[in-house]
Amino acid sequence: MPHRTFLVFIAPSILAMVLFITLPILSVIVQSLFVQHEAVLITVENCTPFGCEKETRVDHAAMQALREERPLGQFAGFANYLNRNHLAVDEIGAILSNNQGFGDTLSRIFNLPFYRALSFTLLYCFVVTPLAMALGFAVALAVNTLPRLMKGPVIFFSLLPMIITPLVGSLILSWMFNPSGILGASLQSLTGDPGLSLRASPIMTWIVLLVYGIWTNGPFSFVVFYAGLQTVPQDTMESARIDGANRWEVTRFVIIPHLAPLATFVALVQLMDNFRVFEPIVGFSAEANATSLSWLVFNDLVGQDAQLFGSAASTSVITIAGVLILLAPVLLRTWRDFNRKAA
Amino acid sequence: MAQIRLVNVSKRWGSYVGVDNFNLDIADAEFLVLLGPSGCGKTTTMRMIAGLEDVTEGEIWIGDKIVNNLEPKDRDISMVFQSYGLYPNLSVYENIRFPLRVRGIPKAEHHERVMRAAAMVELGPFLERRPAALSGGQRQRVALARSIVREPNAFLMDEPLSNLDAKLRVSTRAQIKNLHHTLKRTTIYVTHDQIEAMTLADRVVVMNKGLVQQLGTPTEIYDRPANTFVASFIGSPAMNLIDGDVTDGIFRAEGMALPIPLGVSGPITLGFRAEDVQVVPQGGQLSATVYSMELLGDATLVSCRIGPALVSIRAAKDFRTQIGAPLHVAIPPSAVHVFDRSSGQRLSDNTGLPAQATSSKTGAA
Amino acid sequence: MTDIANRRPLALKTLTTVFLVIWLIAAAFPFVWTVWGSFKVEADFFSRQSWWMAIEGTRTQAQTGSAFTLQGYEGAWIKNEFWKAAINTMIVTLSVTIISLTIGTLGGYALARSGYRYAFWILIAALVFRAMPHITLVSGYMLPFFELNIWGVLPTTIIVLVAINQPFTLWMLHSFFLSIPKDLDESAMVDGCTRFQAFRMVIMPVMWPGVITTGLFSFLLGYNDFAVTSMLLSQQNQTMVPKIASFLGSIQNEGNVMFAVAAVVSATVPLFILVLFFQRQIVSGLTAGAVKG
């Protein structure tokens, strides 16, 4: 296809992506270097017949003028990245130089908001992805043995946890896990502990969030693996059987190698999606015990009086860097393949 | 008038050379076949003529115009694709009518022209069907009808028979030959099948690795292959090629001794066709043991090994022997082709041909 | 599955069946339970005493005189104007789907048919963009949108969702276009079409399955989005999902969590219908990217 025709066809898509993906990324980087204006305080003297009082308050008019003049806020360099709410360089330094053993160091670092969010995000990513894939693979193997008539309805129900709006899905589960919801109440009576609440301890909250993650991500792996199972070469399976392989060996030496490239694809997509985990934290109201990088950004942006654009932007930049690190192996491999092909 | 002329045409992708410095004059109403193994650049050449591929260097002329920068639709050609490229959502009738529709030919003419084209390829009963409901041979004929309905200046055909079974291939081949005779249009036909090339072509271009190996009539190419590549590509079985050395005018290889009256010496490659030599009970220029014997029906093919080469000899249909039995072959001087060992180029200009064919001139590049 | 080679031992068969039944309960029960519960009063659905009350509807019977009640739906749809949010969702998702498909088919077709290496790099860039967390992009939009005074309205949100969706749309349509033989557009062009005519008259008519499948995913993206819609829409322009989230903040205190339950069920129904009718396309769409990419 000639360059000109190509350009005409692709221009709208490129334009949309440049305007609303590339530019926002640049905008985030710029914003991350600024902090919101400090409140302009004025002291006014209120004189009443009983005497004069001095009062300090925020000068709204001056703030307004300041915001209009410099909407980005004050230039702060890398201060946003380094402050307590992000990389917390000073605090980490203090913790490392003065602590009472390894456990203390960890728990104090974990109390810093950014590291708390980062650790849960990574945990979610690397626990949910493999477990959801294992679940999906098991379901795919099981569904594959069903009679044809049963497959349709089973696939229908299996798709639901994936297709559901994430916020809605997490709300539904959260209501069931509520101490007075069906699962929460049953758990209390099973353990005989009336104080047992999934909200109460970080560990329980984490487990519930991970269960939700596996529940909602499993079906994607299932669908992809199930489709992959339909394309397993029959000849190879049959020759493996004739060569004396049992059921497990056929799975191990024929089916799994056949699905391996699909598994790489699924793992990549799921890691990317799980890294932005966000809605379940809102849905489960779990922010007291578990936060994620995306949630930190969200929290800065919905701030009641002032939105902390600078803070949100620097978390965003760090998150984007995280995504790029996750993607790096894929990008490097593509780059090498491409150069080899070209050479 | 549709002479097609290619002047120094090259196609490169980065450092990969698809077609290298191709020169060709195709006369009006000629049937030209581009022949070669897959990846030799024959399809690329045709696609450049059609305008589906950019030309990296050189000029392509159709009639009296340079068409390098013309869109395919402005070149007044039609093309039959290897997998036919039928429009699956249109009926056979609409498929054939499509070129008339998009070219804005007056509606009143459509029906008559579609019916005429359909009749030429015997598609009458299938006009209302969708392509999916047709057999491979019928789809092939729809593609043919679609390409002739517009009566363009030139037809291009890209391996049109390769997806058909052997029997249908023979009858469709005959149909294409007959259509060309009726329509008298310039036709360029790409194939890797040397039998199609031999049966259809006025002239054949043999290509390999982007280079023209030989240009000539089917007889010239069969009887006087320009190099070892052409020799091994044309004919069934292909020409036997044996590496050996000439000393004092005698060619020697394992089990072989043969006078070469050419004045060459040193390493050469010697070629002869299976049907040009005879099995003899004693003597002969080649002695070996039988490696295999195949009955073809009209003849018996005996093979033996000379060094790494497997040599085939066509014997009478009632000839019988055993694997491992001794074999003697007489090679008449007129059957011998001599090629340079390192370049593969033909050396024997004055031998290896039946007397009557020597007069035709060769167009070897 | 009656041949000897595929006959399975009883133990394996039982295990498979039990596993599948457990999975199906896990997958479907939350929905069944919530739909059922949405017709109860809060004291039943969130019963401290026994979940049996939610099944029988004891309190519902006592409070409303019937085992089922529409109070939750009434509260959500009428009192809290959930219908406005539903209309907004419809506008947003339909626009996103249509615009995405229009510019996506053009772009995906170009990417599938161009042999040049920049097409490859555009696809790789799209892959990277696809991985960007939406909320990080949103934090890039907010300030400029405030400044330009286009924050809070539906068209802005629609365009943003289209753009965010575009990398995925391009990939998916690109792989569908790759599955259409090149011969088809080439014969159209030899037959007398321009590139665009070939695209419109020959390629699009056979692309419908791919377009429908991709459209489904665009629809789902627009419908399920929370990050963009919750941040970029003003209160009165909210779509369903941020509206549900705002219920949580304001209503839980008033003891009317059932409004949120009813709203959640209402928002789930269209998705059920979608899966019911387009199950095959969804499955093929998920695998198209996987098998070919």
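As the structure is a computational prediction, the values presented were derived from the model and not from experiment.

Novice: What is the right way to read the overall build of chain B from this model?
Specialist: Looking only at helices and strands, one finds 8 helices and 20 strands in chain B. Viewed in the frame of its principal axes, chain B has a C-alpha envelope of about 75 × 45 × 40 Å. A separation of at least 24 residues holds for 65% of the contacts in chain B among residues at least 6 apart in sequence.

Novice: Teacher, can you tell me more about the overall build of chain C here?
Specialist: For chain C, the helix and strand inventory stands at 14 helices and 0 strands. In chain C, the order of α-helices and β-strands from amino to carboxyl end is α-α-α-α-α-α-α-α-α-α-α-α-α-α. Each principal axis of the C-alpha atoms in chain C carries an extent, and together these give about 75 × 70 × 30 Å. Counting only residues that meet the buried cut, chain C has 52% of its 293 residues in that class. Taking all contacts inside chain C whose residues are at least 6 apart in sequence as the whole, residues at least 24 apart take part in 71%.

Novice: For this particular structure, what's the right way to read the UniProt feature "transmembrane region" (unreviewed entry) in chain C?
Specialist: Residue and element names in this part refer to chain C. Per the UniProt annotation, the sites labelled "transmembrane region" (unreviewed entry) are residues 12-36, 85-111, 118-138, 158-180, 201-223 and 257-278. Each end of residues 12-36 is marked by a C-alpha atom, and these two atoms are 35 Å apart; helix forms 100% of the span and strand 0%. Taken end to end, residues 257-278 comprises 100% helix and 0% strand; its first and last C-alpha atoms sit 32 Å apart.

Novice: What should I look at first to understand the domain arrangement of chain B in this one?
Specialist: Many analyses report the size of an interface as the accessible area lost when the parts associate. Each assigned domain of chain B is listed with its residue range as follows: domain 1 (4-223) and domain 2 (238-351). Centre-to-centre separation of domain 1 of chain B and domain 2 of chain B, based on C-alpha positions: 39 Å.

Novice: Is there a simple way to think about the environment of S265 of chain B in this case?
Specialist: Residues and elements named next belong to chain B. Locating S265 in the fold gives a position in the loop between β13 (256-259) and β14 (266-272). Residues S265 and G283 lie 18 residues apart in sequence; the distance between their C-alpha atoms is 24 Å. Every residue in contact with S265, bar those within four places of it in the chain, is listed here: V246 and T247.

Novice: Mind showing me how you'd approach the sheet that holds strand β8 (residues 186-191) of chain B here?
Specialist: Sheet strands pair via backbone hydrogen bonds, and the direction of the pair is either parallel or antiparallel. Residues and elements named next belong to chain B. Sheet architecture is open: 6 strands sit in the order β6-β7-β8-β3-β9-β10, paired in mixed fashion. Edge positions in the sheet fall to β6 (77-80) and β10 (211-216), since each has one partner strand and no second. Neighbour-to-neighbour, the strand axes of this sheet turn through a mean angle of 15°, independent of strand direction. Strand direction decides the pairing type here: strand β9 (residues 203-208) and β10, joined by 5 bridges, are antiparallel. Paired with N208 across the strands is L211, a residue of β10.

Novice: Which parts of the structure should I look at to understand the pairing of β14 of chain B?
Specialist: One face of the sheet, then the other: side chains in a regular strand alternate in exactly this way. Residue and element names in this part refer to chain B. Burial of β14 is extensive: 5 of the 7 residues sit out of reach of the surface. Pairing between strand β11 (residues 240-247) and β14: 7 bridges, direction antiparallel. Note on β14: the bridge partner recorded for G244 is I268. Bridge analysis of β14 against strand β20 (residues 337-340) gives 4 bridges, and the strand direction is antiparallel. Bridge assignment links L270 to a residue of β20, and that residue is V338.

Novice: Before we go on, may I ask you to explain the packing of helix α6 (residues 82-113) of chain C against helix α9 (residues 154-178) of chain C in this structure?
Specialist: Axis angle and axis distance: for two packed helices, these are the angle between their axes and the distance between the axes, and together they describe the pair. Residues and elements named next belong to chain C. Following both chains from N to C, one finds α6 and α9 inclined at 40°, their axes separated by 6 Å at the closest point. With respect to α9, the axis of α6 lies oblique. Every pair of crossing elements has a handedness; the one defined by α6 and α9 is right-handed. Considered class by class, the residues forming the contact of α6 with α9 number 15 nonpolar, 12 polar and no charged.

Novice: Sorry, what's going on with the environment of L262 of chain B here?
Specialist: Residues and elements named next belong to chain B. If you trace the backbone, L262 turns up in the loop between β13 and β14. Overall, the presence of 17 C-beta atoms within 10 Å leaves L262 in the partly exposed class. Sequence-wise, L262 and G249 are 13 residues apart; in three dimensions their C-alpha atoms are separated by 7.5 Å.

Novice: Which parts of the structure should I look at to understand the nonpolar core?
Specialist: General note: in soluble globular proteins, nonpolar side chains tend to be found buried as a group. Counting residues in hydrophobic clusters, the biggest one holds 258 residues, and the most contacted among them are A145, L156 and V205 of chain B together with I244, A263 and V264 of chain C. Excluding anything up to four places from it in sequence, V205 of chain B contacts L24, L32, L34, L35, V212 and L215 of chain B.

Novice: Whenever I open this one, the UniProt feature "domain: ABC transporter" (unreviewed entry) in chain B confuses me. Can you help?
Specialist: In the numbering used here, UniProt assigns the "domain: ABC transporter" (unreviewed entry) feature to residues 4-234 of chain B. The span residues 4-234 of chain B carries 36% helix and 26% strand; its end-to-end C-alpha distance comes to 26 Å.

Novice: Mind showing me how you'd approach the domain arrangement of chain C here?
Specialist: Residues and elements named next belong to chain C. The domain architecture assigned to chain C consists of domain 1 (4-74) and domain 2 (82-292). Each of domain 1 and domain 2 has a C-alpha centre, and these two points are 32 Å apart. In this complex, domain 1 contributes 11 residues to the contact, which on the side of domain 2 involves 9 residues. When residues of the side of domain 1 that touches domain 2 are traced back to their parent elements, those giving at least two are α1 (10-37), α2 (42-45) and α5 (71-79).

Novice: Would you mind going over the pairing of β10 of chain B with me for this structure?
Specialist: The buried fraction of β10 of chain B is high, at 5 of 6 residues. Between β9 of chain B and β10 of chain B, which pair antiparallel in sequence order, lie 2 residues; one of them, K209 of chain B, sits at a positive phi of approximately 50°.

Novice: Would you explain the sheet that holds strand β5 (residues 65-66) of chain B in this entry?
Specialist: Residue and element names in this part refer to chain B. The 4 strands lie next to each other as β2-β1-β4-β5, forming an open sheet whose pairing is antiparallel. A single partner strand is all that each edge strand has here, and the edge strands are β2 (16-26) and β5. Strand direction decides the pairing type here: strand β1 (residues 4-13) and β2, joined by 7 bridges, are antiparallel. Within β2, the position partnered with W13 by the bridge is Y16.

Novice: I'm lost on the interface of chain C and chain A in this one. Help?
Specialist: Listed by partner, the interface residues are 79 residues for chain C and 76 residues for chain A. Considered class by class, the residues forming the side of chain C that touches chain A number 58 nonpolar, 16 polar and 5 charged.

Novice: So what exactly am I meant to see when it comes to the packing of helix α6 (residues 113-144) of chain A against helix α14 (residues 293-301) of chain A here?
Specialist: Residues and elements named next belong to chain A. Taken N-terminus to C-terminus, the directions of α6 and α14 make an angle of 135°; their axes are 8 Å apart at the nearest point. Taken together, the axes of α6 and α14 are oblique relative to one another. Between α6, through P113, A117, L118 and T121, and α14, the contact on the second element is made entirely by L293, W295 and L296. Residues belonging to the contact of α6 with α14 are distributed by class as follows: 6 nonpolar, 1 polar and no charged.

Novice: I would appreciate a short explanation of α14 of chain A in the present structure.
Specialist: Since the α-helix advances by 3.6 residues per turn, residues separated by three or four positions end up pointing in the same direction. Most of α14 of chain A sits inside the fold, with 8 of its 9 residues counted as buried. All of the buried residues along α14 of chain A are L293, S294, W295, L296, V297, F298, D300 and L301 of chain A.

Novice: Just checking my understanding: could you explain unusual backbone geometry for this structure?
Specialist: Most of the time, phi is negative for any residue but glycine, and the peptide bond is trans. Residue and element names in this part refer to chain B. Here the residue pair S236 and P237 is connected by a cis peptide bond, since its omega of -5° sits within 30 degrees of zero. At N8, a residue that is not glycine, the phi angle is positive and equals roughly 50°. Position of N8 among the secondary structure elements: in strand β1. Assessed through the 12 C-beta atoms surrounding it within 10 Å, N8 is described here as exposed.

Novice: Help me out: how do you make sense of the environment of R130 of chain B in this one?
Specialist: Residue and element names in this part refer to chain B. Structurally, R130 is set in the loop between α3 (107-120) and α4 (136-148). Judged by C-beta crowding, with 16 C-beta atoms within 10 Å, R130 ranks as partly exposed. Sequence-wise, R130 and R173 are 43 residues apart; in three dimensions their C-alpha atoms are separated by 24 Å. When neighbours within four sequence positions are excluded, R130 is seen to be in contact with P88 and S91.

Novice: Any chance you could explain the confidence of the model for chain C here in plain terms?
Specialist: Detailed conclusions should not be drawn from predicted coordinates in areas where pLDDT is low. Residues and elements named next belong to chain C. Per-chain confidence: chain C averages 86 in pLDDT, with 92% of residues scoring 70 or above. Put simply, helix α13 (residues 240-254) is where chain C has its lowest mean pLDDT, 74, and α6 is where it has its highest, 94. Our summary of model confidence lists the complex with pTM equal to 0.84 and ipTM equal to 0.89.

Thresholds, definitions, all that
- Residues numbered from 1 in each chain as written.
- Chains lettered and ligands numbered in written order.
- Predicted model: local features only at pLDDT ≥ 70, side-chain atom pairs only at ≥ 80, totals over all residues.
- Helix = DSSP H or I, 4+ residues; strand = E, 2+ residues; numbered from the N terminus.
- Contact = placed C-beta atoms within 7 Å.
- Buried ≥ 20, exposed ≤ 12 C-beta atoms within 10 Å, placed from the backbone.
- UniProt positions renumbered as here; feature names shortened; annotations may be inferred.
- Domains from an automatic or database assignment.
- Pairing = 2+ DSSP bridges.
- Axes fitted to C-alpha atoms, helices over the stretch in contact; angles between N-to-C directions.
- Parallel < 35°, antiparallel > 145°, perpendicular 65-115°, else oblique.
- Left-handed = near helix turned anticlockwise from the far one by under 90°.
- Nonpolar A, V, L, I, M, F, W, Y, C, P; charged D, E, K, R; others polar.
- Core = buried A, V, L, I, M, F, W, Y, C linked by C-beta atoms within 7 Å.
- pLDDT = per-residue confidence, 0-100.

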